[in-house]
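Coordinate inspection notes
Spelled out, the chains give:
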Amino acid sequence: MANVVIIGAQWGDEGKGKVVDIYTEHADEVVRFQGGNNAGHTLVVGNEKTVLHLIPSGILHKGKRCVIGNGVVLDPRIFLEEIEGLKSKGYLQDDSQLMVDGAVHLIMPYHVAIDKARENRTSDRKIGTTGRGIGPTYEDKVGRRGIRFADLLKPETFRRRLNEVLPEKNFYLEKYLGQAPLDADEIFAEYQGYAEQLRCYLGNVSTELDAAIKADKNLLFEGAQGSMLDIDHGTYPYVTSSSTISGGACTGSGVGPTRLDQVIGITKAYVTRVGEGPFPTELLDEMGEQLRAAGHEFGATTGRPRRCGWLDIVALREAVRVNGLTGLALTKMDVLNDLETIQVCTAYKYQDQLLEDFPSDLEVLEQCTPVLEEVAGWQQSINEVKDFDQLPQAAIDYVKQIEAWTGVPVVLVSVGPRRDETMLRSNPFA
Ligand code: GDP
Ligand code: IMO
Ligand code: MG
């Protein structure tokens, strides 16, 4: 019996959807604990691709319970669309497979309007958000003026909360952002329409997971975004607005830290980032283009091209520390198939200093240049390889070198988007 947390160890899009789908075989319940539909998690089963934004990536496995913990922010319209999409493909035939905690905060139309309008203002510092209203929703949660899922299901409470909040939002939208104000009656009618369709998913995730733990079940926690986008430990202010690190699994679900057994960080064999913000190993040349093309590096949520660069061990060691990683899952190794040599950043140069720790000061980070070490490529396709020992020696050496640089074992190697393009070296649930 084990409870395992999976988080992104970089700037998101590391392959969390795929890895969670693989590990769900060993789990009884899969838990989302933060973020919202800024996430885009891709699962490929056979020739069918599914992109999930809110529903845990265990949902393609019949009988596995998928729960959305209190730390998530939920846009009911997107959530319903996702449910419909899954049902039409033959998944989620039993509504009891899915549960949403009553304390989940709702993304409201004004959150989306504010997020988009801020990003479009040329005078403001652009973060390059996904425009899904994530930041403004978390602001209201912390500001104690949010509206929660349980409130939606009580029309009078919902109306009262809306009436309290909307005048301030409209003032800000109109007077500061130059946008049209929103109408309370319209929002109320729209959201009450969602309420009846969503009522069946209401639950208490903390007590649900406690009962599962007491019954010796295995829990799998699915992070969204990545450590470097964490509100506290990421490259602030170029971050998302939630706790993306492993600690967020506890606060975002109501499970205590003593219940967690393993924390697996997912890292690509290189690095990508979408949106603005520092990225020391970014490749702005042909090599960056080559990685983008080979890795199909375009956002699963917004379709934006992802910035690409060499693997950054300094940033990865930061992720090892803040998450307490017990294992690494290394994805997209196949994207490096054609390269004669591969570069890896093992330190940063800042002015005349050599930095081995990730700087917390953004202005320092922005001036860092990577110190690169070159390793040999394998120059052949590894997509068909099923056993780690059968990989070409240069690929094995790359994995072993990453273990040596980070001090963490690589427990899973992924060489393609599909389930069968995965090598499991050890099982975190064992
Ligand atoms: P997530 O947000 O962490 O779940 O990752 P995304 O789904 O946004 O992006 C990862 C992309 O890489 C998806 O299109 C996956 O299907 C794909 N993918 C995952 N693992 C591999 C791999 O090992 N090799 C290749 N070539 N693609 C992969
Ligand atoms: P998954 O779960 C990559 C980035 C945005 C932006 C910043 C803030 O698929 O890995 P937000 O809309 O959250 O306020 O945007 O965070 N970002 C992601 N980047 N993958 C994601 O999710 C992301 N979710 C948000 O691009 O830079
Ligand atoms: Mg993604």
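Residues numbered from 1 in each chain as written. Chains lettered and ligands numbered in written order. Predicted model: local features only at pLDDT ≥ 70, side-chain atom pairs only at ≥ 80, totals over all residues. Heavy atoms only, no water.

A look at the pairing of strand β16 (residues 341–350)
- The element β16 is extensively covered by neighbouring structure, given that 8 of its 10 residues are classed as buried.
- Pairing between strand β14 (residues 311–312) and β16: 2 bridges, direction parallel. The residue bridging L311 from the neighbouring strand is V344, located in β16.
- Both β16 and strand β18 (residues 369–376) contribute to a ladder of 8 bridges, which runs antiparallel. Residue pairing in the sheet places I342 in a bridge with V375 of β18.
- Note: β16 against strand β17 (residues 353–355), 3 bridges, orientation antiparallel. Pairing of Y348 across the sheet is with L355, part of β17.
- Counted between consecutive antiparallel strands, the loop separating β16 from β17 contains 2 residues, among which Q351 sits at a positive phi close to 50°. (Buried < 20%, exposed > 50% of the residue type's maximum accessible area, 1.4 Å probe, protein only. Helix = DSSP H or I, 4+ residues; strand = E, 2+ residues; numbered from the N terminus. Pairing = 2+ DSSP bridges.)

Brief notes about the packing of aromatic side chains
- Scanning the model with the defined rule gives 10 aromatic pairs in all.
- A ring pair is formed by F79 and Y201, whose centres lie 6.0 Å apart and whose planes are at 75°; its orientation type is edge-to-face. Taken together, the positions of F79 in helix α2 (residues 76–88) and Y201 in the loop between α7 (184–198) and β9 (202–203) put the pair 122 residues apart, joining distant regions of the chain.
- Since its relative accessible area comes to 2%, Y201 is described here as buried.
- Three or more aromatic residues joined by ring pairs form one cluster here, namely F158, F188, Y191 and Y194.
- A cation over an aromatic ring shows up here: R121 above the ring of Y176, its NZ or CZ 4.5 Å from the ring centre.
- Looking at R425, its charged tip hangs above the ring of F388, at a distance of 3.8 Å from the centre. (Phe/Tyr/Trp six-rings, centres within 6.5 Å; stacked < 30°, edge-to-face > 60°. Lys NZ or Arg CZ within 6 Å of the ring centre and 35° of its normal.)

Some points on the domain arrangement of the chain
- When its domains are assigned, the chain resolves into domain 1 (3–101 + 202–263), domain 2 (105–198) and domain 3 (268–424).
- If you average the C-alpha positions of domain 1 and of domain 3, the two centres end up 24 Å apart.
- Domain 1 puts 37 residues into the contact, and the matching count from domain 3 is 41 residues.
- Between domain 1 and domain 3, the buried area comes to about 3000 Å², and carbon and sulfur atoms account for 57% of it.
- The interface formed by domain 1 and domain 3 contains 2 salt bridges.
- Put simply, R306 and D13 hold a salt bridge, and the shortest N to O gap is 3.0 Å. (Domains from an automatic or database assignment. Contact = heavy atoms within 4.5 Å. Buried area = accessible area lost by both parts, 1.4 Å probe. Salt bridge = Lys/Arg side-chain N within 4 Å of Asp/Glu carboxyl O.)

A short note on the coordination of the magnesium ion (ligand 3)
- Every protein donor of the magnesium ion (ligand 3) is listed here as D13 (OD) and G40 (O), and their distances to the metal cover 2.0 to 2.2 Å. Of this pair, D13 sits in the loop between β1 (3–8) and α1 (16–23) while G40 sits in the loop between β2 (29–32) and β3 (41–45), and the two are 27 residues apart along the sequence.
- Judged by relative accessible area, which is 22%, D13 ranks as partly exposed. (Donors = N, O, S within 2.8 Å, 3.2 Å for Na, K, Ca; no water.)

Description of the site of ligand 1
- As a matter of local geometry, ligand 1 sits amid 18 residues, with K16, G40, T42, D334 and S414 nearest to it.
- One nitrogen or oxygen atom from the side chain of D13 is found 2.9 Å from an oxygen atom belonging to ligand 1.
- Interatomic distance of 2.7 Å between a backbone N/O atom of K16 and an oxygen atom of ligand 1.
- Protein chains shield 92% of the accessible area of ligand 1, which is 590 Å² for the free molecule.
- When residues of the shell around ligand 1 are traced back to their parent elements, those giving at least two are α1 and β3.
- In terms of residue count, the dominant contributor to the shell around ligand 1 is α1 (3 residues).
- Here the shell around ligand 1 is composed, by residue class, of 4 nonpolar, 7 polar and 7 charged.
- Two domains each donate at least three residues to the shell around ligand 1, and these are domain 1 (3–101 + 202–263) and domain 3 (268–424). (Near = heavy atom within 4 Å. Polar contact = N/O pair within 3.5 Å; in protein donor to acceptor, adjacent residues only side chain to side chain. Areas by Shrake-Rupley, 256 points an atom, 1.4 Å probe, with all protein chains shown as cover. Nonpolar A, V, L, I, M, F, W, Y, C, P; charged D, E, K, R; others polar.)

Here's the deal with the pairing of β3
- Across 5 bridges, the pairing between β3 and strand β4 (residues 48–52) is antiparallel. Following the sheet pairing, H41 is matched in β4 by L52.
- Following β3, the chain reverses through 2 residues before pairing antiparallel with β4; G46 in that reversal takes a positive phi of roughly 60°.

Overview of the site of ligand 2
- D13, K16, H41, T130 and T240 are the nearest of the 20 residues found near ligand 2.
- A distance of 2.7 Å is found between an oxygen atom of ligand 2 and a side-chain nitrogen or oxygen belonging to K16.
- The separation between an oxygen atom of ligand 2 and a polar side-chain atom of H41 is 2.7 Å.
- Look at ligand 2: alone it shows 550 Å² of surface, and the protein chains cover 98% of it.
- The class makeup of the residues in the shell around ligand 2 is 7 nonpolar, 10 polar and 3 charged.

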